[in-house]
Amino acid sequence: MRVLSLTRRQFEKLENYPIKNGIWNTEASFYLLKQKEDWSEVNYLLKYLYIQDKETLANKLFTVSMLGDRGDELDIEELVIPKYLTAIDDKVCGFVSKLERGENLGLILQNPKISNEEKFSYLSKVGKVVKKVQENAKYVMPLHFGDLHPYNFLIERDTGKLHVVDLDSAYLETGYPSPSYYLCRNRYLGTLSEKYHTNSSGVINPDNNTDLFCYNTMVLETIARENISRIGIETYFDYLNYLKDLGFGENIINSFERLYWANDNINSCEYFDEIPMDKIGQAGMKVYKMIKKM
């Protein structure tokens with residue numbers, strides 16, 4: 001993969017690219033990089049990693065390098081494949097990707113002014129990308145999202161186009177996995193070690209089941225409008241029974257039940273037609289808890 005070399009002075013002249021409020025970011029800062037290509041100016045985004053742990057940094061840069069070399073073979077246009085590694089004063093410290101426009105999906109899902117129909121149309125697109133990665137990657141490279149969460153997706157709301165960003169958190173079945181938002185906060189997955197496999201340090205290794213765990217949790221939390229990992233297992237399954245009573249279909253419920261079963265996970269986007277959109281308001285976790293107290 002090509003390395004874009006900058007001097008410290010060149011780097012300090014770059015325009016800072018702000019991250020919107022509500023999007024967490026603890027590992028990098030972003031800068032706008034403009035380059036001329038074919039007589040036009042193209043905007044790129046430089047992600048400067050300030051990770052101190054050398055092994056973690058090396059693993060991310062390895063992932064970026066592999067994606068840069070072979071990512072196009074996946075033939076998945078939604079993936080924003082890194083274009084260059086970046087070195088400042090000959091020290092590799094990040095990477096450059098094309099700057100894609102769009103609104104962050106995490107902020108869209110939190111916005112009460114956006115309809116549930118629109119939100120689930122975007123979640124469906126995410127599910128289809130997860131499916132494409134799982135189907136295509138087995139022929140190119142053993143790629144898994146690893147840290148799959150809504151803040152790693154951008155949506156062009158005028159066209160509906162989806163972009164998958166921050167692929168340095170992906171996992172190629174080698175090295176050390178990046179921390180995963182949905183996996184790290186769930187204390188029950190350790191009881192399913194035959195399904196969710198851990199490495200020697202006790203960290204869950206990403207695979208198809210973990211990617212679907214993250215995706216289906218994203219969908220369910222959009223329905224519940226609450227952090228699902230905070231509730232106990234008994235409450236979790238009782239809540240799913242509550243959703244059944246509201247008219248949620250057998251298959252969509254099964255996709256959530258299987259997250260804590262020994263069976264392989266399935267992609268819930270295949271069954272979005274079983275979600276009664278007129279009952280989403282009643283499906284919130286707060287409403288469920290109020291009814292249970294009555």
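Given the structure is predicted, the values throughout are model-derived calculations rather than measurements.

## Observations regarding the pairing of strand β3 (residues 28–37)
Stage number 1. Across the ten residues that make up β3, a large majority, seven, are buried.
Stage number 2. In terms of strand pairing, strand β2 (residues 15–16) meets β3 through two bridges, oriented antiparallel. The partner of E15 across the bridge, within β3, is L32.
Stage number 3. Note that β3 and strand β4 (residues 40–49) share ten bridges and pair antiparallel. Opposite S29, over in β4, you have Y48 as the bridge partner.

## Describing unusual backbone geometry
Stage number 1. Although it is not a glycine, D75 adopts a positive phi angle of roughly 60°.
Stage number 2. Examined against the element boundaries, D75 turns out to sit in the loop between α2 (54–70) and β5 (84–88).
Stage number 3. Of note in the backbone geometry, R225 takes a positive phi value of approximately 55° without being a glycine.
Stage number 4. Relative to the helices and strands, R225 is located in the loop between α6 (208–224) and α7 (233–246).
Stage number 5. Of the residues examined, R225 reaches a relative accessible area of 46% and is grouped as partly exposed.

## Considerations on the packing of α7 against helix α9 (residues 285–293)
Stage number 1. Taken N-terminus to C-terminus, the directions of α7 and α9 make an angle of 95°; their axes are 11 Å apart at the nearest point. Relative to α9, α7 is oriented roughly perpendicular. Contact with α7, carried on its side by T235, D238, Y239 and Y242, involves M285, V287, Y288, I291 and K292 of α9 and no other residues of that element.
Stage number 2. Each residue belonging to the contact of α7 with α9 can be placed in one class, and the counts come to six nonpolar, one polar and two charged.

## A word on the layout of surface pockets
Stage number 1. Taken as a whole, the largest pocket holds about 900 Å³ of empty space.
Stage number 2. Along its surface, the largest pocket is lined by 36 residues, and I23, F30, Y151, N152 and D166 are the ones closest to its centre.
Stage number 3. Every element with two or more residues in the lining of the largest pocket is listed here: β4, β6 (91–98) and β7 (103–104).
Stage number 4. No other element matches the three residues that β6 contributes to the lining of the largest pocket.
Stage number 5. There is about 480 Å³ of room inside the second largest pocket.
Stage number 6. L109, Q110, E221, T222 and R225 are the residues nearest the centre of the second largest pocket, which is lined by 20 residues in total.

## Quick word on the confidence of the model for the chain
Stage number 1. For the chain, per-residue confidence averages 92 on the pLDDT scale, and residues scoring 70 or more make up 100% of the total.
Stage number 2. Model confidence for the chain, summarised as mean pLDDT per element, is weakest for α2 at 87 and strongest for helix α8 (residues 250–257) at 98.

## Topic: the sheet that holds β4
Stage number 1. In space, the six strands of this open sheet follow the order β1-β5-β6-β4-β3-β2, with mixed pairing throughout. With partners counted over all chains shown, the strands left at the sheet margins are β1 (3–6) and β2, one partner each.
Stage number 2. Across five bridges, the pairing between β4 and β6 is antiparallel. Considered in β6, the bridge of L45 is made with S97.

## Here we look at the state of the cysteines
Stage number 1. Considering all chains together, one arrives at zero disulfides under this definition.
Stage number 2. C214 provides the cysteine sulfur closest to C269, a residue in no disulfide bond, and the two sulfurs are 15 Å apart.
Stage number 3. Assessed through its relative accessible area of 10%, C269 is described here as buried.

## Considering the nonpolar core
Stage number 1. Grouped together as the largest cluster of nonpolar side chains are 66 residues, with contacts concentrated most on L79, I223, Y239, L243 and F248.
Stage number 2. Ignoring anything within four residues of it in the chain, the contact list for I223 reads F120, Y239, L243, F248, F256, I275, I280, A283 and G284.
Stage number 3. Listed in part, the 14 residues of the second largest apolar core include F11, L14, Y44 and I88.

## With respect to the environment of I114
Stage number 1. Within the secondary structure layout, I114 lies in the loop between α3 (105–110) and α4 (116–140).
Stage number 2. The contact partners of I114, leaving out residues within four places of it in the chain, are I108, K119 and R157.

## A look at the environment of K292
Stage number 1. Relative to the helices and strands, K292 is located in helix α9.
Stage number 2. Linking K292 and K83, residues 209 residues apart in sequence, is a C-alpha distance of 52 Å.
Stage number 3. Reaching out from K292, the side chain makes a polar contact with the side chain of D238 at a distance of 3.0 Å.

So, how was this worked out
- Residues numbered from 1 in each chain as written.
- Predicted model: local features only at pLDDT ≥ 70, side-chain atom pairs only at ≥ 80, totals over all residues.
- Heavy atoms only, no water.
- Buried < 20%, exposed > 50% of the residue type's maximum accessible area, 1.4 Å probe, protein only.
- Helix = DSSP H or I, 4+ residues; strand = E, 2+ residues; numbered from the N terminus.
- Pairing = 2+ DSSP bridges.
- Axes fitted to C-alpha atoms, helices over the stretch in contact; angles between N-to-C directions.
- Parallel < 35°, antiparallel > 145°, perpendicular 65-115°, else oblique.
- Contact = heavy atoms within 4.5 Å.
- Nonpolar A, V, L, I, M, F, W, Y, C, P; charged D, E, K, R; others polar.
- 1 Å grid on protein atoms, 1.4 Å probe; cavity = no way out; pocket = protein on both sides within 12 Å on 5 of 7 lines; lining within 4 Å.
- Points joined across faces, edges and corners; volume = space filled by probe spheres on them.
- pLDDT = per-residue confidence, 0-100.
- Disulfide = S-S within 2.5 Å.
- Core = buried A, V, L, I, M, F, W, Y, C linked by side-chain atoms within 4.5 Å.
- Polar contact = N/O pair within 3.5 Å; in protein donor to acceptor, adjacent residues only side chain to side chain.

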